[in-house]
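In case you want the letters, here they are:
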Amino acid sequence: MTAEKSRAKAVGRPPHLSLDAIIAAAEHILRTEGAGKLSMRRLANELDSAPMALYYHVRNKDELLLLLMEAQARRIPRPELPEDPRERLISVSIMLYELLADRLWIVQVVAGGDLIAPSALWFVEEMIGATEDYGHTPEHAVYIYRTIWFAIVGDLIIRANGNQRRGRATGPTYEDQVVAGLLSGTHPRLAAVADRWAELNSRDTHRQGLTAIIDGLLRSEETVEGR
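Residue numbers run consecutively from 1 along every chain, following the written order of its sequence. Residues qualify for local features only when their pLDDT is at least 70, as the model is predicted, and side-chain atom pairs are given and counted only at 80 or more; totals for whole chains, interfaces and linings, by contrast, use all residues. Hydrogen atoms and water are omitted, and side-chain values are computed over all heavy atoms in the structure.

Draft legend 1. Representation of the overall build of the chain. For the chain, the helix and strand inventory stands at 12 helices and 0 strands. Helices (α) and strands (β) of the chain occur, in sequence order from the N terminus, as α-α-α-α-α-α-α-α-α-α-α-α. Relative accessibility thresholds used throughout: buried, under 20% of the residue-type maximum; exposed, over 50%; partly exposed, between the two (1.4 Å probe, protein chains only). Counting every position in the chain, which comprises 227 residues, the buried fraction comes to 38%. Excluding contacts between residues fewer than 6 apart, the proportion of contacts in the chain whose partners are at least 24 apart in sequence is 72%. Computed with the Shrake-Rupley method and a 1.4 Å probe, the accessible areas treat only the protein chains shown as cover for residues. With the model as given, the accessible surface of the chain reaches about 13,600 Å², and the carbon-plus-sulfur share is 53%. Per the convention used, a helix needs a DSSP run of H or I reaching at least four residues, while a strand needs a run of E reaching at least two, with both numbered from the N terminus. We call two residues in contact when some of their heavy atoms are within 4.5 Å.

Draft legend 2. Expanded view of unusual backbone geometry. For Asp48, which is not glycine, the phi dihedral falls at a positive 55 degrees. Position of Asp48 relative to the elements: it lies in the loop between α2 (40-46) and α3 (51-54).

Draft legend 3. Spatial organisation of the UniProt feature "DNA-binding region" (unreviewed entry) in the chain. UniProt positions are given in the numbering used here, feature names are shortened, and annotations may be inferred rather than shown by experiment. UniProt's entry tags residues 39-58 with the feature "DNA-binding region" (unreviewed entry), counted in the numbering of this structure. Structurally, residues 39-58 is divided into 55% helix and 0% strand, and its ends, taken at the C-alpha atoms, are 13 Å apart.

Draft legend 4. Inspection of helix α4 (residues 61-75) at higher detail. Helix span is expected to be 1.5 Å times the residue number reduced by one. The end-to-end C-alpha distance of α4 is 22 Å, a good match for the 21 Å that 15 residues give at a rise of 1.5 Å each. Of all 15 residues in α4, 11 are buried, a share of seventy percent or more. Within α4, burial applies to Glu63, Leu64, Leu65, Leu66, Leu67, Leu68, Met69, Glu70, Ala71, Gln72 and Ala73. Buried-residue contacts for α4 involve α1 (19-33), α2 and α6 (104-111). For α4, the capping residue at the N-terminal end is Asn60, with a side-chain oxygen 3.2 Å from the backbone nitrogen of Asp62. The definition of a polar contact used here is a pair of N or O atoms within 3.5 Å, where within protein one atom must be able to donate a hydrogen and the other to accept one, and adjacent residues in sequence count solely through side-chain atom pairs.

Draft legend 5. Layout of the confidence of the model for the chain. Per residue, pLDDT measures the predictor's confidence, with a range of 0 to 100. Mean pLDDT over the chain: 87, with 90% of residues reaching 70 or higher. Confidence over residues 1-15 falls short of pLDDT 50; this stretch has 23 contacts with residues more than four positions distant or in other chains.

Draft legend 6. Broad picture of α1. With 15 residues, α1 should cover 21 Å at 1.5 Å per step; its first-to-last C-alpha distance of 21 Å lies within 8% of that length. Among the residues of α1, Ile22, Ile23, Ala25, Ala26, Glu27, Ile29 and Leu30 are the ones counted as buried. Residues of α1 that are buried sit in contact with α2, α3, α4 and α6.

Draft legend 7. Structural context of the environment of Gly181. Looking at the element boundaries, Gly181 is found in the loop between α9 (174-180) and α10 (188-192). Separated by 14 residues in the primary sequence, Gly181 and Asp195 have C-alpha atoms spaced 10.0 Å apart.

Draft legend 8. Main features of the nonpolar core. Of all hydrophobic cores here, the largest spans 58 residues; its most connected members are Leu38, Leu43, Leu68 and Ile148. With 9 residues, the single largest contributor to this core is helix α5 (residues 85-101). With residues near it in sequence (within four places) discarded, Leu38 still touches Ala26, Ile29, Leu30, Leu43, Lys61, Leu64, Leu65 and Leu68. To qualify as a nonpolar core, a set must consist of buried Ala, Val, Leu, Ile, Met, Phe, Trp, Tyr and Cys residues joined through side-chain atoms within 4.5 Å.

Draft legend 9. Representation of the packing of aromatic side chains within the structure. Two rings from Phe, Tyr or Trp (for Trp, the six-membered ring) form a pair when their centres are within 6.5 Å of each other. A pair whose planes differ by under 30 degrees is stacked, one over 60 is edge-to-face, and the rest are tilted. Per the counting criterion, the structure on display carries 1 aromatic pair. Judged by centre distance (4.0 Å) and plane angle (25 degrees), the ring pair of Trp122 and Phe123 falls under stacked. According to the relative accessible area criterion, Trp122 is buried, its value standing at 9%. For Phe123, a relative accessible area of 4% gives the class buried.

Draft legend 10. Region of the structure containing the side chain of Arg88. Looking at where Arg88 falls in the secondary structure, it is placed in helix α5. Assessed through its relative accessible area of 11%, Arg88 is described here as buried. When sequence neighbours within four positions are dropped, the list of residues in contact with Arg88 reads Leu81, Pro82, Glu83, Glu126, Gly129, Ala130 and Asp133.

Draft legend 11. Just the environment of Leu115, in detail. With respect to the secondary-structure elements, Leu115 resides in the loop between α6 and α7 (121-134). Overall, Leu115 belongs to the buried group, its relative accessible area being 14%. In the structure, Leu115 is positioned 50 residues away from Leu65 in sequence and 8.0 Å away in space, judged by C-alpha atoms. Those residues in contact with Leu115 that sit more than four places away from it in its chain are Asp62, Leu65, Leu66, Met69, Val109 and Val110.

So this is what it looks like as structure tokens:
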């Protein structure tokens with residue numbers, strides 16, 4: 001399914017609604033409340049309209065999400081990338097992470113199904129291309145891309161959920177309390193950092209982490225020639 005085709009105006013379409021207004025309202029809900037709160041009924045309430053009126057413009061929620069992701073993808077400028085394959089792969093991966101970190105609703109959407117914005121596929125093309133230019137086969141390049149993608153999505157979901165829990169907590173989180181209560185006799189390594197666990201666990205190390213993951217993956221196939 002793609003969001004490329006424009007939809008012709010239907011007879012009886014309410015004059016005060018437009019596809020642009022629907023997309024803008026849906027983006028507001030996603031930005032302020034998250035993907036889990038977006039529904040056709042919630043969107044209709046935001047637009048002071050009836051849910052059925054929305055279906056003159058979009059067939060269902062999946063098509064709406066595709067339109068939203070495509071609109072976001074088209075706004076992303078394509079930067080000049082390094083010539084060196086390793087540097088190019090690191091640069092694109094970090095850019096993808098940081099763009100998604102500012103649009104966590106996209107992570108929630110793509111993690112829950114097979115929806116994808118065609119205009120965002122240049123990220124995948126660049127990542128696979130950089131890996132092949134490094135010397136890997138197309139098959140192994142796809143494996144490396146998928147591993148990086150899973151690392152990005154997993155990190156963002158865990159970080160977002162952790163931030164939400166800490167935002168709701170009136171004191172230390174359950175995890176922090178458990179680590180603080182560990183004994184040096186049974187968990188000496190954890191006990192040694194228990195008083196700094198919350199601070200260490202909340203550090204933003206995505207750039208260092210992605211670089212380390214990519215370096216390991218690029219060296220992961222013995223058949224890479226010339227390396």
